[in-house]
Amino acid sequence: VINTIAKLAKTCTLRLTVSKLYFILSDKVANGGVGMWCELNQGNFFNEFQMEGVAAEHNEIYLELMPENLSRALKTAQNANAVKMKLTNKHCPCLRVAVELPSLSSSSRIVTHDIPVGVIPRRLWNDFREPSVPDFDVSIYLPVLKTMKSVVERMKNLSNYIMIEANLSGEMNLKIETDLVCVTTHFKDLGNPSWALEDGCQSSQDRDPESMAEARIDIRKLQQLLAGQQVNPTKALCNIVSKRIVHFILLHEDVSLQYFIPAL
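Quick caveat, the model's predicted, so the values are computed rather than measured.

Glancing now at the environment of leucine 142. Looking at the element boundaries, leucine 142 is found in the loop between strand E9 (138–141) and helix H3 (145–156). Sequence spacing of leucine 142 and leucine 237 is 95 residues, and the spatial spacing of their C-alpha atoms is 5.0 Å. Sequence-distant contacts of leucine 142, defined by excluding residues within four places in its chain, comprise Met148, Met172, Leu190, Ala236, Leu237, Cys238, Phe248 and Leu250.

Dropping the structure here:
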């Protein structure tokens, strides 16, 4: 999970609650930045988990960190007997990763990494709420991500922008248009998720099933998302708000990752 996030963001926010961990990137999508919301149930990752937030009614901690640093620290934990993470304050706030490695003698070897973090004050917490999804025009399952990745990597050599089109008949096109060349890859029979009525996402249901919703996005941001996938998701889908935003949802057994790329 951390390797994936390190490919998507130089810095991100780690939000800790009693039951969940969140990795959040809240570049203002309105200003052309991407957004990310990754959710993990702590019970699936930790045998023991203790935390105390600022106050009983605000039992949360928000930290700013560089995911690349955490990714490096965890690389040493590949064959570890145990890994312990805790928030400490030596010369500055740090996330300490203590890795207990197997040893030939009876004593164990412990490697410690101190990763500097910034503690985010409570007055700023509202900036890191889950992004709301605008009513989308089309929601569609993605093709196999490996296939999509190799298509996008080839297209990246031709243009900085890619057009994603999809309709409610399970069809999706990836399109590049420049003065010299026009390239389109067509995907068929992908299927469209049926969203429950209470989600308020029914605006798309009145659409003509053949009519394409489209958004033109920065191809590098899409490539980053596809290149960063370390694990194959059990479900991957994308919601398109025509000419405004493409919202990707990748679901694994233990993790859900949402990624927002604004249209240009």
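Having seen it, we continue.
Before going further, it helps to spend a moment on the sheet that holds strand E1 (residues 12–16). Reading across from one edge, E8-E4-E1-E2-E3-E16-E15-E14-E9 is the order of the 9 strands in this open sheet, with antiparallel pairing throughout. Edge positions in the open sheet fall to strand E8 (118–119) and E9, since each of these has one partner strand only. As paired elements, strand E14 (residues 235–241) and strand E15 (residues 245–251) share 7 bridges and run antiparallel to each other. For leucine 237, the partnering residue across the bridge sits in E15 and is isoleucine 249. Packed on one face of the sheet, helix H4 (residues 219–227) meets E15 and strand E16 (255–262) and runs near 170 degrees to E16.

Next up on the list: the domain arrangement of the chain. Along its sequence, the chain is organised into domain 1 (1–127) and domain 2 (138–262). Between the C-alpha centres of domain 1 and domain 2 there is a distance of 29 Å. Contacts between the two partners involve 18 residues from domain 1, matched on the other side by 17 residues from domain 2. Together domain 1 and domain 2 conceal approximately 1500 Å² of surface at their shared face, both sides included; 60% is due to carbon and sulfur atoms.

Turning to the sheet that holds strand E7 (residues 109–116), a few remarks are in order. The strand order across the open sheet formed by 3 strands is E5-E6-E7, and the pairing between neighbours is antiparallel. At either end of the open sheet lies a strand with only one pairing partner, and these are strand E5 (82–89) and E7. Shown here is a sheet whose adjacent strand axes are inclined to one another by a mean of 20 degrees, direction ignored. Bridge analysis of strand E6 (residues 93–101) against E7 gives 8 bridges, and the strand direction is antiparallel. Of the residues in E7, the one forming a bridge with alanine 98 is threonine 112. Docked against the sheet, helix H2 (residues 67–75) engages E5, E6 and E7, running at close to 20 degrees with respect to E6.

Below, the discussion takes up unusual backbone geometry. In the Ramachandran plot, aspartate 189 falls in the positive-phi region, its phi being about 55 degrees despite a non-glycine side chain. Within the secondary structure, aspartate 189 is located in the loop between strand E12 (182–187) and strand E13 (213–218). Phi is positive for lysine 243, which is not a glycine, with a value near 60 degrees. Inspection of the secondary structure puts lysine 243 in the loop between E14 and E15. With a relative accessible area of 59%, lysine 243 lands in the exposed category.

As a further point, take the pairing of E12. As paired strands, strand E11 (residues 172–177) and E12 are joined by 6 bridges and run antiparallel to one another. Following the sheet pairing, glutamate 177 is matched in E12 by cysteine 182. The hairpin formed by E11 and E12 contains 4 residues between the paired strands.

Of all hydrophobic cores here, the largest spans 61 residues; its most connected members are Met172, Leu174, Leu222 and Phe248. By residue number, the principal contributor to this core is H3, which donates 5 residues. In terms of domain composition, this core takes at least three residues from each of domain 1 (1–127) and domain 2 (138–262). Of all hydrophobic cores here, the second largest spans 7 residues; its members include Ile24, Trp37, Tyr62 and Ile120.

Throughout the structure, instances matching the rule amount to 9 salt bridges. For arginine 220, the salt bridge identified is with aspartate 218, shortest N-O distance 2.8 Å. Given the relative accessible area of 9%, aspartate 218 is considered buried. Counted as one network, the salt bridges with shared partners bring together Lys90, Arg96 and Asp114.

Conventions we followed
- Residues numbered from 1 in each chain as written.
- Predicted model: local features only at pLDDT ≥ 70, side-chain atom pairs only at ≥ 80, totals over all residues.
- Heavy atoms only, no water.
- Helix = DSSP H or I, 4+ residues; strand = E, 2+ residues; numbered from the N terminus.
- Contact = heavy atoms within 4.5 Å.
- Pairing = 2+ DSSP bridges.
- Axes fitted to C-alpha atoms, helices over the stretch in contact; angles between N-to-C directions.
- Domains from an automatic or database assignment.
- Buried area = accessible area lost by both parts, 1.4 Å probe.
- Buried < 20%, exposed > 50% of the residue type's maximum accessible area, 1.4 Å probe, protein only.
- Core = buried A, V, L, I, M, F, W, Y, C linked by side-chain atoms within 4.5 Å.
- Salt bridge = Lys/Arg side-chain N within 4 Å of Asp/Glu carboxyl O.

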